[in-house]
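Report on the structure
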Number of protein chains: 2
Amino acid sequence: MTTAARPTPASPASAGQRGPLDHERRAQIVEAADQHFRHYGYHKTTVADLAKAIGLSTAYIYKFFSSKQAIGEAICARCLGEITTQLRAIMAEPLSAGERLRRVYPTLARAGADLFFEERRLHDIVVTAVTENWHAGTTYEEELRDMVRALVVAGREAGEFERETPLDEVCLAIEETLWPFAHPLMLEEKLDMLDAATAAVGGLVLRSLRP
Amino acid sequence: MTTAARPTPASPASAGQRGPLDHERRAQIVEAADQHFRHYGYHKTTVADLAKAIGLSTAYIYKFFSSKQAIGEAICARCLGEITTQLRAIMAEPLSAGERLRRVYPTLARAGADLFFEERRLHDIVVTAVTENWHAGTTYEEELRDMVRALVVAGREAGEFERETPLDEVCLAIEETLWPFAHPLMLEEKLDMLDAATAAVGGLVLRSLRP
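Residues numbered from 1 in each chain as written. Chains lettered and ligands numbered in written order. Predicted model: local features only at pLDDT ≥ 70, side-chain atom pairs only at ≥ 80, totals over all residues. Heavy atoms only, no water.

What follows is about the side chain of Asp-34 of chain B. Residue and element names in this part refer to chain B. Residue placement: Asp-34 occurs in helix α2 (residues 20-40). For Asp-34, a relative accessible area of 6% gives the class buried. Other than its neighbours up to four places away in sequence, Asp-34 contacts Ile-75, Arg-78 and His-123. (Helix = DSSP H or I, 4+ residues; strand = E, 2+ residues; numbered from the N terminus. Buried < 20%, exposed > 50% of the residue type's maximum accessible area, 1.4 Å probe, protein only. Contact = heavy atoms within 4.5 Å.)

As C-alpha cells, this is what we get:
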C-alpha cells in the first residue's frame, strides 16, 4: 500500500448489520472498482478517485470496505472464485479421474489468462496481490488442493492410478505442477504456449500415475 | 524504474576500450552494489547514494553502467550464474540421468532460497527483476532448458526412460515442473517445505519417465 492512507475500518457493529441489500451494494462496488482499476490502474487510483468515478461518496464506500486493499482483495476473491467455478464443473463431469485431472490444466490456465490479463497486459492489482501476499489466494489454494486430492483418491479407488507412492506425496507433487498455470506471473511468461504447456504437463502427470 | 532518472549510457567508444582491469572494477561495483541494495533496498537507493556508500564518484559508476537497472541486471545475472554453476556440477556427476535429474530439484530450490532471500525476506531487486521482466533471466532459462534436454536424451539413450512420448513434449513438461523451484515468488511461498516439495516433484517426474 503506497498510494493511499489507510482509514479506520468500519465498526464491527455496522458490519454485523449487513443484509442481502448490503451484499448487493458491496458486489456493485467491487464490479465498478474492478472496471475502474483495470482502466486507470490500481496503484494510481485512490478511494476518493474511485468514489467520484462510480458516483458514490467516499464515506459510503468506507461503509463497505475498510481500505483500498480491502476492495482489491474482494476483486481478487471474485476473480479466483470464477476460476474455481470452472474447475468444479470439471470435477462434476462423468469422466475418469485421469481425464478430469488432465482437463484441470488447460482450464486453470485459460481461466487465469482471461481473468488476470487485459489485452495481454497483467492487471496491476494482480501483481500487487501476488507480490504483497494478499490473503485472497488462501481459500483458492485450499480449494485447488482439495480437488487434487479428490481426483487422486478417486483414481486410486478405480484402479486407474498406482497406489505405491504415499498419497500425500503424490498430491503435493501434483499441486506443484499446477502452480505454473495458477500463478499470474508464471502464466504471463507463457501466454503464447498455454495449450502446448498444459498438454505436456497433464500428460507427464498422467504417465506418472500409471499403476 | 520509478526512483531514479536514467542518464545517458556510456559511449560505445569507452565500452570498446574495456580491458581485464575494467572487468574487475565492474565486478567490484556489482559486489558492493549487491551488498548495499540488500541492506538499504534497491528501490530506495539512487546511483548517487550508491556511489557515496561505496566511495566512488557517480560519474565513475556511469563509466561502467548506463543506469541503476543495468547494475541490477548485473547483480541478477551473477546470482543466476551461481545457481547454474551448481546445476552444472550435478550434470557432471557420474550418476544415471534419472538420479541427476532428481538432484536438480533440491539444488535449484536451495540455491535460489540462499540467493534470493535475506533472512527469509525476498530481496526487492529480485521482485523488481521478476515483475518488470528483466532480461537477466533469459540466458538462465535457456541453460535450464538445455540441461533438461541433455538429461532426457541421456536417459533415453541409456534405456532408463520411456521413448514413446515426443522428446519436445517431455522436455517442455519437465521444464514447467522446475519453475515452482526456479521462480523467486513461487519459492517464497514454500521456503518451509522445500525438501518435501522437491522430493515429491522429482519423484513424480521420475515415475513419469519409466519405460
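There is more to say after this.
Right, let's get into the packing of aromatic side chains. Residues and elements named next belong to chain A. Enumeration according to the criterion identifies 6 aromatic pairs over all chains in this entry. A ring pair is formed by Phe-37 and Tyr-42, whose centres lie 5.0 Å apart and whose planes are at 80°; its orientation type is edge-to-face. Residue classification places Phe-37 among the buried residues on the basis of a relative accessible area of 1%. It is Lys-68 that lies over the ring of Tyr-42; its NZ or CZ is 4.3 Å from the centre. (Phe/Tyr/Trp six-rings, centres within 6.5 Å; stacked < 30°, edge-to-face > 60°. Lys NZ or Arg CZ within 6 Å of the ring centre and 35° of its normal.)

A word on the interface of chain B and chain A. Each side of the interface is counted separately: chain B has 34 residues, and chain A has 34 residues. Taken over both partners, the interface formed by chain B and chain A buries close to 2,700 Å², and the fraction arising from carbon and sulfur atoms is 65%. Applying the counting rule to chain B against chain A returns 6 salt bridges. Of the charged contacts in the structure, one is a salt bridge between Arg-207 of chain B and Glu-162 of chain A, with a shortest N-O distance of 3.5 Å. Taken together, chain B and chain A are joined by 9 residue pairs in polar contact (both at pLDDT 80 or more). Those elements that place two or more of their residues in the side of chain B that touches chain A are α7 (124-131), α9 (167-182), α10 (184-188) and α11 (194-208) of chain B. Residue composition of the side of chain B that touches chain A, grouped by class: 19 nonpolar, 6 polar and 9 charged. (Buried area = accessible area lost by both parts, 1.4 Å probe. Salt bridge = Lys/Arg side-chain N within 4 Å of Asp/Glu carboxyl O. Polar contact = N/O pair within 3.5 Å; in protein donor to acceptor, adjacent residues only side chain to side chain. Nonpolar A, V, L, I, M, F, W, Y, C, P; charged D, E, K, R; others polar.)

Quick look at the pattern of salt bridges now. Here the structure, examined in full by the defined rule, presents 28 salt bridges over all chains. A salt bridge links Arg-103 of chain A to Glu-93 of chain A; the nearest nitrogen and oxygen atoms lie 3.0 Å apart. In this pair, Arg-103 of chain A sits in helix α6 (residues 97-116) while Glu-93 of chain A sits in the loop between α5 (68-91) and α6, placing the two residues 10 residues apart along the sequence. According to the relative accessible area criterion, Glu-93 of chain A is partly exposed, its value standing at 28%. One salt bridge connects Arg-102 of chain B with Glu-99 of chain B, and the closest N-O pair in it is separated by 3.6 Å.

Residues and elements named next belong to chain B. Within the secondary structure, His-123 is located in the loop between β2 (121-122) and α7. Along the sequence, His-123 and Gly-41 sit 82 residues apart, while their C-alpha atoms lie 7.8 Å from each other. Beyond its immediate sequence surroundings of up to four residues, His-123 is in contact with Asp-34, Phe-37, Arg-38 and Phe-116.

What follows concerns the relation of the copies chain B and chain A. Under the fitted operation, chain B is carried onto chain A by 0.0 Å of movement along the axis and a turn of 180°, and the coordinates agree to an RMSD of 0.0 Å. Such values leave the two copies arranged in the relation of a two-fold axis. Among all residues of chain B, the one whose C-alpha sits closest to the rotation axis is Ser-208 of chain B, at a distance of 1.8 Å. A share of 100% of interface residues in chain B that are also interface residues in chain A marks the association as one of identical surfaces. (Least-squares fit on C-alpha atoms with pLDDT ≥ 70 in both.)

Moving on, we come to the packing of helix α6 (residues 97-116) of chain B against α9 of chain B. All names here are of chain B. As a packed pair, α6 and α9 sit with axes 9 Å apart at the nearest point and diverge in direction by 30°. Relative to α9, the element α6 lies roughly parallel. Remark: the crossing between α6 and α9 carries right-handed chirality. Between α6 and α9, the residues in contact are Leu-101, Val-104, Tyr-105, Leu-108, Ala-109 and Phe-116 and Ile-174, Thr-177, Leu-178, Phe-181 and Ala-182, respectively. Of the residues assigned to the contact of α6 with α9, the class counts are 10 nonpolar, 1 polar and no charged. (Axes fitted to C-alpha atoms, helices over the stretch in contact; angles between N-to-C directions. Parallel < 35°, antiparallel > 145°, perpendicular 65-115°, else oblique. Left-handed = near helix turned anticlockwise from the far one by under 90°.)

Considering the arrangement of structural elements, one finds Ala-199 of chain A in helix α11 (residues 194-208). C-alpha of Ala-199 of chain A to C-alpha of Tyr-105 of chain A: the two residues are 94 residues apart in sequence and 7.5 Å apart in space.

With that settled, the discussion passes to the packing of helix α9 (residues 167-182) of chain A against α11 of chain A. All names here are of chain A. Running from amino to carboxyl end, α9 crosses α11 at an angle of 180°, the nearest separation of the two axes being 11 Å. The orientation of α9 relative to α11 falls into the category roughly antiparallel. Of the residues in α11, those in contact with Ile-174, Thr-177 and Phe-181 of α9 are Ala-197, Thr-198, Val-201 and Val-205. Across the contact of α9 with α11, the residue classes break down as 5 nonpolar, 2 polar and no charged.

Turning to the UniProt feature "DNA-binding region" (unreviewed entry) in chain A, a few remarks are in order. Cross-referencing UniProt, the feature "DNA-binding region" (unreviewed entry) maps to residues 46-65 of chain A in the present numbering. The span residues 46-65 of chain A carries 75% helix and 0% strand; its end-to-end C-alpha distance comes to 13 Å. (UniProt positions renumbered as here; feature names shortened; annotations may be inferred.)

Side chains of a nonpolar character, in soluble globular proteins, are inclined to be buried together. In terms of nonpolar packing, the biggest core is built from 134 residues, with Phe-116 and Ile-174 of chain A together with Phe-116 and Ile-174 of chain B touching the most fellow members. Those residues in contact with Ile-174 of chain B that sit more than four places away from it in its chain are Leu-204 of chain A together with Leu-101, Tyr-105, Val-148, Val-152, Val-205 and Leu-209 of chain B. (Core = buried A, V, L, I, M, F, W, Y, C linked by side-chain atoms within 4.5 Å.)

Residue and element names in this part refer to chain A. Structurally, the position occupied by Val-126 is in helix α7 (residues 124-131). Look at Val-126 and you get buried, because its relative accessible area is 6%. Measuring from C-alpha to C-alpha, the distance between Val-126 and Phe-116 comes to 6.6 Å, with 10 residues separating the pair along the chain. Filtering out sequence-adjacent residues up to four positions away, Val-126 remains in contact with Phe-116 and Pro-184.

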